[in-house]
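# Commentary on secondary and tertiary structure
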Amino acid sequence: MNMEIAHSSISGVVLAGGKSRRLGRNKAIEPIGKQVLIGRVIDRISKVAFESIAVVAEDTKVDDLRLPPWVRVASDIYPGSGSLGGIFTGLSAAQGKIVVISACDMPFINIDLVRFMVGLISNWDAIVPIVEGRPEPLHAVYSKSCLSSIEQQILGGNLKIAKFFDKVNVRFVGEDDIRHFDPHLLSFFNVNTQDDLDRALFIESNNSQE
């Protein structure tokens, strides 16, 4: 059942702590259309959240990210703990009880899909899409009730995100539901390489002409 969730309960978190090793430069500030990549992601998520938070690594030069002034920055609480640590830091920093999480390299987030997932969260700890049989935990919705399970896992040295799903109540969203909002699954396209970036620019160019 999809329920209306109060806007004031929702925080948006963008994970920007990756090293961009495959691209060879900071992908967060690559221009896609009229915005840099991280700004584009923040702009989309902010349509459902009352606050936006960028989670960064300790050594990140925040000024280089060109964040809007209204975006809060949170540094990794557990440095070196990967995306799982980023989720933990974002959930810890969030003022809302419900947190929309996205990686900073997903330029085609579908806001209607995000709203649909947020509307499912009431009786669950997390709403996680399944695409091609695999969970997409970096385009998901979490409740702050996940914090203790995630922290225990980090302290235990297991940084695989999906491992904590067994410890909380997760509602997985299948492809049929996803395609209702996002027929081509572009929400889950992410930029890791130059080829990915070229494809993103091509997609954006075509969309802007429609």
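Structure: above.
All of the points below concern the structure found in this document. Everything numeric here is computed off the predicted structure, so don't read it as measured data. (Residues numbered from 1 in each chain as written. Predicted model: local features only at pLDDT ≥ 70, side-chain atom pairs only at ≥ 80, totals over all residues. Heavy atoms only, no water.)

This brings us to the environment of Val 141. In this fold, Val 141 is placed in strand E9 (residues 139–143). Taking the C-alpha atoms as reference, Val 141 lies 14 Å from Ser 46; in sequence the two are 95 residues apart. When near neighbours in sequence (up to four residues on either side) are disregarded, Val 141 contacts Ile 98, Val 99, Val 100, Met 117, Val 118, Ile 121, Asp 125, Ala 126 and Ile 127. (Helix = DSSP H or I, 4+ residues; strand = E, 2+ residues; numbered from the N terminus. Contact = heavy atoms within 4.5 Å.)

So, on to empty space enclosed by the protein. Enumeration over the complete set of coordinates arrives at 1 cavity of 30 Å³ or more. By volume, the largest cavity amounts to about 50 Å³. Together, Ile 45, Val 100, Ile 101, Ser 102, Ile 109, Val 114, Met 117, His 139 and Ala 140 line the largest cavity. Within the residue set of the lining of the largest cavity, elements represented by two or more residues are strand E6 (98–103), helix H3 (111–118) and E9. Among the elements that take part in the lining of the largest cavity, E6 stands out by supplying 3 residues, more than any other. Counted by class, the lining of the largest cavity contains 7 nonpolar, 2 polar and no charged residues. (1 Å grid on protein atoms, 1.4 Å probe; cavity = no way out; pocket = protein on both sides within 12 Å on 5 of 7 lines; lining within 4 Å. Points joined across faces, edges and corners; volume = space filled by probe spheres on them. Nonpolar A, V, L, I, M, F, W, Y, C, P; charged D, E, K, R; others polar.)

For helix H2 (residues 82–93), built from 12 residues, the straight-helix expectation of 16 Å at 1.5 Å per residue is met to within 8% by its first-to-last C-alpha distance of 17 Å. Restricting attention to buried positions, one finds in H2 the residues Leu 84, Gly 85, Gly 86, Ile 87, Phe 88, Thr 89, Gly 90 and Leu 91. Looking at the packing, one finds that the buried side of H2 touches strand E1 (10–15), strand E4 (51–56), strand E5 (72–75), E6, E9 and helix H4 (147–155). (Expected span 1.5 Å × (residues − 1). Buried < 20%, exposed > 50% of the residue type's maximum accessible area, 1.4 Å probe, protein only.)

Quick look at the nonpolar core now. Ranked by size, the top nonpolar core spans 37 residues in total, and within it Ile 38, Val 100 and Val 141 carry the most contacts. Broken down by secondary-structure element, the contributors of at least two residues to this core are E1, helix H1 (37–45), E4, E6, H3 and strand E7 (126–131). By residue number, the principal contributor to this core is H3, which donates 6 residues. Apart from residues no more than four positions distant in its own chain, Ile 38 is found in contact with Val 14, Ala 16, Ala 28, Leu 65, Leu 67 and Cys 104. Counting residues in hydrophobic clusters, the runner-up holds 25 residues, among them Leu 84, Ala 140, Tyr 142 and Ile 161. (Core = buried A, V, L, I, M, F, W, Y, C linked by side-chain atoms within 4.5 Å.)

Let us look at the side chain of Asn 110. Tracing the backbone through its elements, the reader meets Asn 110 in the loop between E6 and H3. Owing to a relative accessible area of 17%, Asn 110 belongs among the buried residues under this scheme. Polar side-chain contacts of Asn 110 include one of 3.0 Å to the backbone nitrogen of Leu 113. Filtering out sequence-adjacent residues up to four positions away, Asn 110 remains in contact with Phe 181, Asp 182 and Ser 187. (Polar contact = N/O pair within 3.5 Å; in protein donor to acceptor, adjacent residues only side chain to side chain.)

A full pass over the atoms with the stated rule returns 6 aromatic pairs. Ring centres of Phe 165 and Phe 172 lie 5.9 Å apart, and the angle between their planes is 70 degrees; on these two criteria the pair is classed as edge-to-face. Joined through ring pairs, the aromatic side chains of Tyr 142, Phe 164, Phe 165 and Phe 172 make up one cluster. (Phe/Tyr/Trp six-rings, centres within 6.5 Å; stacked < 30°, edge-to-face > 60°.)

Mapped onto the elements, Trp 70 comes out in the loop between E4 and E5. Distance in space between the C-alpha atoms of Trp 70 and Ser 52 is 7.6 Å, their sequence separation being 18 residues.

What follows concerns H4. Within H4 the residues assigned to the buried category are Leu 147, Ser 149, Ile 150, Gln 153 and Ile 154. On the buried face of H4, the contacting elements are H2. Just downstream of H4 lies Gly 157, where phi reads positive at about 85 degrees.

Two elements in contact, H2 and H4, have axes separated by 10 Å at closest approach and are oriented at 145 degrees. Classified by chirality, the crossing of H4 by H2 is left-handed. For the pair formed by H2 and H4, the contact residues are Leu 84, Gly 85, Ile 87, Phe 88, Leu 91 and Ser 92 on the first element and Leu 147, Ile 150, Glu 151, Gln 153 and Ile 154 on the second. Across the contact of H2 with H4, the residue classes tally to 7 nonpolar, 3 polar and 1 charged. (Axes fitted to C-alpha atoms, helices over the stretch in contact; angles between N-to-C directions. Left-handed = near helix turned anticlockwise from the far one by under 90°.)

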